[in-house]
Structure formats: structure tokens, C-alpha cells
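What the coordinates show
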Amino acid sequence: KKTMKDIDVKGKRVFVRVDFNVPMEEGHITDDTRIRAALPTIQYLVDAGAKVILASHLGRPKGEVNEDMRLTAVGTRLAELIERPVTKLDESIGETVEAAIAEMQEGKIVLLENVRFHKGEEKNDTELAQSFAKLADVYVNDAFGAAHRAHATTEGIAKFIPAVSGLLMQKELDVLGKALSNPERPFTAIIGGAKVKDKIGVIENLLEKVDHLIIGGGLSFTFIKALGHDIGNSLLEEDKIELAKSFIDKAKEKGVQLHMPIDTVVANEFSKDAATQVVDVDAIPAGWMGLDIGPKTAANYADVIAKSKLIIWNGPMGVFEMEKFANGTKTVADAMAATEGYTVIGGGDSAAAVEKFEVASKMNHISTGGGASLELMEGKELPGILALNDK
Ligand code: 3PG
């Protein structure tokens, strides 16, 4: 597929879908990673003399104007980072937008208002997609984080104007695509997080590809239960016990080394001030709940990470937001930082964890997509990528 660099953009109006869905608190951006990640694409287009029209969603305003979800602060931050003026508009389609774009000179940047203020965005409404398409000569999708959404600005618009990928999109696909199709070995995946339910597709797909599969987080207790142990008050998905068993069997069958917790930090309640103890997984006391992997488990996982050539990490090992249950996730984060293997962080909570433990700069790749990278790891094709039609 063609990327932005394969086409001539000089003097053209380029509609760039970015993912500026950044966390905000009281009108302030608390993490601008996604804005920074889009800079190479924007800078390239500016230098190439394009008229750069940026579009993004922010939050979930459900098709209505929401004063707390305007992109104004994002525009200000972008202008600081790129060291150029950014004209932030208060609409994303219509006459004022068209007039502003008509006045643009080469190398100028316009940021449209939150595209989800229109109901048609998430419905992938054809008319709305056409209104966006009408604003530009070319469409660039650089919103990897939203590539799993078939919305008007991520999918629909590509039916009406030539559509190519941006540099961030390309980089995400190169790293994750290569990891999944042609991995260096030993290849290790670390899957954590709260629920088996959310990781079924990922575990299924990765069991076909990896040498080591490490399991942690809340979801590991359904596996521990599947092995026949009592798990006290730990998180259990009763209806996923059979599935967990089948994963254990499939790992054996495929020669995948499955690593599960052997010890756990249990607490008497779900609270940062809970009483805690470390126990083996076959000795979880009744009434207690496991909220982190134990130190023996963490050390094992660190060993596997150290000897792997490629490691993908999705989902924390415990409730790392609470000090008493942060150690497992921290040990994994530190092992990721120290390994000579190539490290990929699959967005979301694991990205937050490497930030928190101050090892983000030591990772080879931190995906800007949570849901999107998860779906790629499930082996799915993403609508935002399928739509890029300019071959
Ligand atoms: C994300 O943050 O994962 C993307 O920006 C997509 O947002 P959404 O889940 O609201 O579609």
C-alpha cells in the first residue's frame, strides 16, 4: 500500500486523521504522547508544502457538542510542539470550515473540531464522510489508535478521495506486523489485565506464534482455578474455566511454554490499605484475594524476558495503581527495560505502567493504540487500514 511519501502533496489540501484522543483533566492534557507521535507526519507535510487539515476525535461525546471535549487545548499544545501556528476551528464541516481552508497557504495547519460532535461520525454516515472528503484532495490516515473503528473519518472518507497511510500508522504496522508475521525467537508474549474475556482472541492467536506465553493479572486466577486450585475471593470468570483449560492444553500441543503464577500477593480486601501476604497459588486462604503476582513468579517472568529476542506486553500483572500490588508489574517493566530483546508495549495499561515505573524511554516501541493493537494481536484486519485504497 502507498504511504504519504509516495504521493505528491505540494499545494494539495491533505485531510489527516490523527488520534489526538489524549487524557485530559480539568481542561489540561495530562499525557501528550499521541500528539508527539503525530509530529513526524505533520512536519513532513508542512515541509512538503501541503495544506494540512487535521481531524481527530476526543472522548465519547455521543454525537453532541460537549464543551469539555473540544480540541482547543490540543491545538495549543500542538502549536507549541511543532513551533508553528495552528488554526483551531470550532467546527469540522460546513461553510466556515470550507472558507478557512480556501484561504490556507502551503505549509499551513488547520485543526478541525472534535469529529464526534457529529452523530454520523461513529455511524460512518456516507453524507458526513462526503462532507469531510469535500474539504481535501487527499486523505492520510495516521490515527493508528482509532484504526479499529469504521467511522466517517477513519473509513468512510477513504471511499471518496485517494487514501494513504501516515508515518505513525506505517511505523505501528511495521513493528506490530513484523512481530506477528516474522518474529525473532525466542518470541514471548506477556498477557495480563483483569479479564480472560477481553484477551481470548489475543491468547488464541498468539498461541499459534509465540515460544513463551506469560500469564498475569486478574485473568490468571481463572487459569489457576482451571488447574484445580482454590482461589479464595480472587477474580474468577466461572464461564471461562473450560476455555482456560483448553488454552493450557493447546499450549502443550503447540510446544508453547506457558508461564503461570506460582505465587501471589493476596489481600483481605480490595483496598490500598489492605492486609497482605505472599502465598503459593495452591495455598490461597479462603476469604483472601490475589491482587498481584508473587516475587517467585515475578523473578521467573524476568528470566524469560531476559532470554527472549522479542517480547510483546499487553496488560499489567496486578493492581499496579496501588503500591502494595505494584511489584509484579514493576518487575516485568524493569525486566523489559533491561533485556537485550526487542520490546513492544501494546498500548493502554501497559503503556501507563512503563510510564509510571519510568522505563518508557527504554522500550523499543510503545504503541499509541490500545484497542487497535489488541485487535492486530488478535489477527484481525483493521477497517481503517483496509480502507486505504491508493495502491
Ligand atoms: C483509543 O483511545 O483507544 C482510541 O482513540 C479509540 O477511542 P474509542 O475507544 O473511544 O473509539
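See above for the structure.
These notes cover the structure that comes with them.

What counts, and at which threshold
Residues numbered from 1 in each chain as written. Predicted model: local features only at pLDDT ≥ 70, side-chain atom pairs only at ≥ 80, totals over all residues. Helix = DSSP H or I, 4+ residues; strand = E, 2+ residues; numbered from the N terminus. Near = placed C-beta within 6 Å. Nonpolar A, V, L, I, M, F, W, Y, C, P; charged D, E, K, R; others polar. Buried ≥ 20, exposed ≤ 12 C-beta atoms within 10 Å, placed from the backbone. Pairing = 2+ DSSP bridges. Core = buried A, V, L, I, M, F, W, Y, C linked by C-beta atoms within 7 Å. Domains from an automatic or database assignment. Contact = placed C-beta atoms within 7 Å. Axes fitted to C-alpha atoms, helices over the stretch in contact; angles between N-to-C directions. Parallel < 35°, antiparallel > 145°, perpendicular 65-115°, else oblique. Left-handed = near helix turned anticlockwise from the far one by under 90°.

Let's shift gears to the environment of Gln 130. Tracing the backbone shows Gln 130 in helix 5 (residues 126-133). Along the backbone, Gln 130 and Ala 152 are 22 residues apart, and their C-alpha atoms lie at a distance of 8.6 Å.

Here we take up the site of the ligand. With respect to spatial proximity, the complete set of residues near the ligand consists of Asp 19, Asn 21, Arg 60, Gly 145, Ala 146, Arg 149, Gly 370 and Gly 371. Classifying every residue of the shell around the ligand gives one nonpolar, four polar and three charged.

The subject of this paragraph is unusual backbone geometry. The phi angle of most residues is negative, glycine excepted, and most peptide bonds adopt the trans form. The omega torsion of the bond from Arg 185 to Pro 186 falls at 0°, within 30 degrees of zero and hence cis. Looking at where Pro 186 falls in the secondary structure, it is placed in the loop between helix 6 (167-181) and strand 9 (187-191). Positive phi values are uncommon outside glycine, yet Glu 358 reaches one of about 55°. For Glu 358, the position within the fold is in the loop between helix 12 (348-356) and strand 17 (365-366). Residue classification places Glu 358 among the exposed residues on the basis of 11 C-beta atoms within 10 Å.

Strand pairing in a sheet relies on backbone hydrogen bonds, with the paired strands running either antiparallel or parallel. The parallel open sheet is built from six strands, whose spatial order is 11-10-9-15-16-17. Where the open sheet ends on each side, the last strands, each with one partner, are strand 11 (257-259) and strand 17. Judged from the four bridges that link them, strand 15 (residues 310-314) and strand 16 (residues 342-345) form a sheet pairing that is parallel. Note that in strand 16 the partner of Ile 311 across the bridge is Thr 343.

What follows covers the nonpolar core. Val 14, Phe 15, Ile 53 and Leu 54 are the most contacted members of the largest nonpolar core, which totals 117 residues. When residues of this core are sorted by domain, at least three fall in each of domain 1 (4-171) and domain 2 (183-377). For Ile 53, the contacting residues outside a window of four places in its chain are Arg 13, Val 14, Phe 15, Val 16, Ile 101, Val 110, Leu 112, Leu 135 and Ala 136.

Moving on to the packing of helix 1 (residues 33-47) against helix 2 (residues 72-82). In contact at an axis separation of 10 Å, helix 1 and helix 2 are set at 60° when each is read in the N-to-C sense. As the angle between them shows, helix 1 and helix 2 are arranged oblique. Note that helix 1 runs across helix 2; the crossing there is right-handed. Packed against helix 1, whose contacting residues are Ile 35, Arg 36, Leu 39, Ile 42 and Gln 43, the element helix 2 presents Val 74, Arg 77, Leu 78, Leu 81 and Ile 82 at the interface. Taken together, the residues of the contact of helix 1 with helix 2 break down into seven nonpolar, one polar and two charged.

One open sheet accounts for three strands, arranged 13-12-14; its pairing is antiparallel. With one partner strand each, in any of the chains shown, strand 13 (276-280) and strand 14 (289-293) form the two edges of the open sheet. Neighbour to neighbour, the strand axes of the sheet diverge by 40° on average, direction disregarded. The pairing of strand 12 (residues 263-267) with strand 13 spans five bridges and is classified as antiparallel.

On to the environment of Lys 225. Along the chain, Lys 225 falls in helix 8 (residues 220-226). Distance from Lys 225 to Ala 298, taken between C-alpha atoms, is 20 Å for residues 73 residues apart in sequence. Once residues within four sequence positions are removed from consideration, Lys 225 is found in contact with Ile 231, Leu 236 and Ile 241.

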